[in-house]
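A closer look at the structure
Single-letter residue listing:
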Amino acid sequence: MNPKLFLSILLFFLSITIIHSQVNTKDVTIIRDDFGIPHIYGKTDADMVYGLAWAACEDDFNSIQENFLAVIGRQAEVKGKAGAIMDVLAHVVQAKDKAAALYDENTFTPHFDKMLDAYVQALNDYAKKYPKKILLKN
(Lines give C-alpha, C1' and ligand atoms only; values in the text may rest on other atoms or scores of the structure.)
Protein backbone atom coordinates (compact mmCIF):
# COMPACT_ATOMS: atom_id res chain seq x y z
CA MET A 1 0.00 0.00 0.00
CA ASN A 2 1.23 3.50 -0.82
CA PRO A 3 2.72 5.10 2.36
CA LYS A 4 0.86 8.38 1.76
CA LEU A 5 -2.41 6.51 1.37
CA PHE A 6 -1.74 4.51 4.52
CA LEU A 7 -0.92 7.66 6.52
CA SER A 8 -4.08 9.33 5.25
CA ILE A 9 -6.15 6.34 6.31
CA LEU A 10 -4.44 6.24 9.68
CA LEU A 11 -5.04 9.93 10.25
CA PHE A 12 -8.68 9.44 9.36
CA PHE A 13 -9.13 6.83 12.06
CA LEU A 14 -7.15 8.86 14.56
CA SER A 15 -9.31 11.90 13.88
CA ILE A 16 -12.40 9.84 14.69
CA THR A 17 -11.05 8.29 17.88
CA ILE A 18 -8.89 11.03 19.35
CA ILE A 19 -10.66 13.63 21.42
CA HIS A 20 -7.91 16.25 21.51
CA SER A 21 -4.20 16.00 22.11
CA GLN A 22 -2.26 18.02 24.61
CA VAL A 23 -0.30 20.33 22.29
CA ASN A 24 -0.19 23.82 23.69
CA THR A 25 -0.35 25.87 20.51
CA LYS A 26 1.37 28.78 22.27
CA ASP A 27 4.53 26.65 22.26
CA VAL A 28 4.47 26.37 18.44
CA THR A 29 6.08 29.01 16.25
CA ILE A 30 6.13 28.97 12.46
CA ILE A 31 8.39 31.48 10.74
CA ARG A 32 8.47 31.54 6.97
CA ASP A 33 11.66 32.69 5.27
CA ASP A 34 11.88 34.85 2.14
CA PHE A 35 11.15 31.79 0.00
CA GLY A 36 8.04 30.84 1.97
CA ILE A 37 9.72 27.84 3.59
CA PRO A 38 8.30 27.24 7.08
CA HIS A 39 10.75 26.97 9.96
CA ILE A 40 8.95 25.33 12.85
CA TYR A 41 9.87 25.68 16.50
CA GLY A 42 8.35 24.04 19.56
CA LYS A 43 9.16 22.68 22.98
CA THR A 44 8.34 19.06 22.12
CA ASP A 45 8.30 16.78 19.10
CA ALA A 46 4.51 16.96 19.19
CA ASP A 47 4.70 20.77 18.99
CA MET A 48 6.88 20.47 15.92
CA VAL A 49 4.51 18.00 14.26
CA TYR A 50 1.58 20.30 15.01
CA GLY A 51 3.47 23.15 13.34
CA LEU A 52 4.33 20.95 10.36
CA ALA A 53 0.68 19.98 9.86
CA TRP A 54 -0.48 23.59 10.28
CA ALA A 55 2.05 24.80 7.70
CA ALA A 56 0.94 22.04 5.32
CA CYS A 57 -2.66 23.23 5.73
CA GLU A 58 -1.59 26.81 5.00
CA ASP A 59 0.19 25.64 1.86
CA ASP A 60 -2.40 23.26 0.40
CA PHE A 61 -5.40 22.42 2.57
CA ASN A 62 -7.38 21.33 -0.48
CA SER A 63 -4.97 18.52 -1.38
CA ILE A 64 -4.93 17.25 2.21
CA GLN A 65 -8.71 17.08 2.17
CA GLU A 66 -8.89 15.51 -1.28
CA ASN A 67 -6.49 12.73 -0.20
CA PHE A 68 -8.54 12.16 2.94
CA LEU A 69 -11.79 12.05 0.97
CA ALA A 70 -10.28 9.60 -1.52
CA VAL A 71 -9.31 7.22 1.26
CA ILE A 72 -12.77 7.25 2.83
CA GLY A 73 -14.45 6.91 -0.56
CA ARG A 74 -16.09 10.34 -0.69
CA GLN A 75 -14.00 12.26 -3.21
CA ALA A 76 -16.73 12.12 -5.88
CA GLU A 77 -18.86 14.37 -3.68
CA VAL A 78 -16.33 17.14 -4.29
CA LYS A 79 -14.69 16.27 -7.61
CA GLY A 80 -17.49 14.52 -9.49
CA LYS A 81 -16.55 11.78 -11.98
CA ALA A 82 -12.81 12.32 -11.51
CA GLY A 83 -13.20 11.68 -7.79
CA ALA A 84 -15.40 8.64 -8.32
CA ILE A 85 -12.43 6.73 -9.72
CA MET A 86 -10.53 7.18 -6.46
CA ASP A 87 -13.62 6.29 -4.44
CA VAL A 88 -13.94 3.00 -6.31
CA LEU A 89 -10.23 2.29 -5.86
CA ALA A 90 -10.48 2.91 -2.10
CA HIS A 91 -13.39 0.50 -1.97
CA VAL A 92 -11.64 -2.15 -4.08
CA VAL A 93 -8.48 -2.14 -1.96
CA GLN A 94 -10.58 -1.95 1.22
CA ALA A 95 -8.51 0.97 2.48
CA LYS A 96 -10.57 1.71 5.59
CA ASP A 97 -10.77 -1.94 6.63
CA LYS A 98 -7.03 -2.48 6.20
CA ALA A 99 -6.17 0.60 8.24
CA ALA A 100 -8.56 -0.43 11.00
CA ALA A 101 -7.04 -3.92 11.08
CA LEU A 102 -3.49 -2.56 11.29
CA TYR A 103 -4.09 0.07 13.95
CA ASP A 104 -4.79 -0.51 17.60
CA GLU A 105 -3.68 1.11 20.83
CA ASN A 106 -0.38 -0.79 20.82
CA THR A 107 0.64 -0.27 17.18
CA PHE A 108 2.97 2.65 17.90
CA THR A 109 4.98 3.88 20.84
CA PRO A 110 3.29 6.40 23.15
CA HIS A 111 5.75 9.04 21.87
CA PHE A 112 4.74 8.44 18.26
CA ASP A 113 1.05 8.37 19.24
CA LYS A 114 1.48 11.87 20.69
CA MET A 115 2.92 13.06 17.41
CA LEU A 116 0.02 11.55 15.45
CA ASP A 117 -2.39 13.19 17.89
CA ALA A 118 -0.67 16.54 17.32
CA TYR A 119 -0.95 16.18 13.54
CA VAL A 120 -4.66 15.45 13.76
CA GLN A 121 -5.16 18.30 16.24
CA ALA A 122 -3.55 20.74 13.81
CA LEU A 123 -5.77 19.60 10.93
CA ASN A 124 -8.88 19.91 13.07
CA ASP A 125 -7.83 23.28 14.52
CA TYR A 126 -7.09 24.63 11.03
CA ALA A 127 -10.49 23.46 9.77
CA LYS A 128 -12.20 25.01 12.78
CA LYS A 129 -10.41 28.33 12.23
CA TYR A 130 -11.12 28.38 8.47
CA PRO A 131 -14.47 26.61 8.02
CA LYS A 132 -15.03 28.14 4.58
CA LYS A 133 -12.01 26.18 3.30
CA ILE A 134 -13.59 22.83 4.17
CA LEU A 135 -14.48 21.02 0.95
CA LEU A 136 -17.10 18.65 2.38
CA LYS A 137 -18.87 19.92 5.48
CA ASN A 138 -20.01 16.59 6.88
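Definitions and cut-offs
Residues numbered from 1 in each chain as written. Predicted model: local features only at pLDDT ≥ 70, side-chain atom pairs only at ≥ 80, totals over all residues. Heavy atoms only, no water. Helix = DSSP H or I, 4+ residues; strand = E, 2+ residues; numbered from the N terminus. Buried < 20%, exposed > 50% of the residue type's maximum accessible area, 1.4 Å probe, protein only. Contact = heavy atoms within 4.5 Å. Areas by Shrake-Rupley, 256 points an atom, 1.4 Å probe, with all protein chains shown as cover. Phe/Tyr/Trp six-rings, centres within 6.5 Å; stacked < 30°, edge-to-face > 60°. Pairing = 2+ DSSP bridges. Expected span 1.5 Å × (residues − 1). Bend = angle between axes of the 7 residues up to and from the residue. Salt bridge = Lys/Arg side-chain N within 4 Å of Asp/Glu carboxyl O.

1. Some points on the overall build of the protein chain
Broken down by element type, the protein chain carries six helices and two strands. Overall, the protein chain shows an N-to-C arrangement of helices and strands of α-β-β-α-α-α-α-α. Counting the 138 residues in the protein chain, one finds 33% classified as buried. Partitioning the intrachain contacts of the protein chain with sequence separation of at least 6 by distance along the chain shows that 61% fall at a separation of at least 24. Per element, the accessible surface of the protein chain, about 8900 Å² overall, is 58% carbon and sulfur.

2. Details of the packing of aromatic side chains
Scanning the entire structure with this criterion turns up five aromatic pairs. Centroid distance F108 to F112: 4.9 Å. Interplanar angle 50°. Geometry classified as tilted. According to the relative accessible area criterion, F112 is partly exposed, its value standing at 34%. With a centroid separation of 4.7 Å and an interplanar angle of 45°, the aromatic rings of Y126 and Y130 are classed as tilted. Relative accessible area serves as the criterion here: at 31%, Y130 is assigned to the partly exposed category.

3. Focus: the pairing of strand β1 (residues 29-32)
Two elements, β1 and strand β2 (residues 38-41), share four bridges in a ladder whose sense is antiparallel. Bridging from a neighbouring strand, T29 pairs with Y41 of β2. Here β1 hands over to β2 after five residues, with G36 in that stretch at a positive phi of 85°.

4. Things to note about helix α2 (residues 45-71)
Helix length check: α2, at 27 residues, gives a terminal C-alpha distance of 27 Å against a target of 39 Å (1.5 Å per residue), a shortfall beyond 12%. Along its length, α2 reaches its greatest deviation from straightness, about 105°, at D60. A positive backbone phi angle near 75° is found at G73, which sits one or two residues after α2.

5. Considering the pattern of salt bridges
A full pass over the atoms with the stated rule returns five salt bridges. Measuring nitrogen to oxygen at the nearest pair gives 2.9 Å for the salt bridge that ties D59 to R32. Residue D59 is found in helix α2, and its partner R32 is found in strand β1; the two are separated by 27 residues along the sequence. When its relative accessible area of 29% is taken as the criterion, R32 is described as partly exposed. E77 serves as the salt-bridge partner of R74, at 2.7 Å between the closest nitrogen and oxygen. Accessibility expressed as a relative area gives 48% for E77, which makes it partly exposed. Salt bridges linked by common partners bring R32, E58 and D59 together as one network.

6. Concerning the environment of P38
As for its position among the elements, P38 is in strand β2. For P38, a relative accessible area of 26% translates into the label partly exposed. Remark: the alpha-carbon pair of P38 and D59, spanning 21 residues in sequence, is separated by 9.8 Å.

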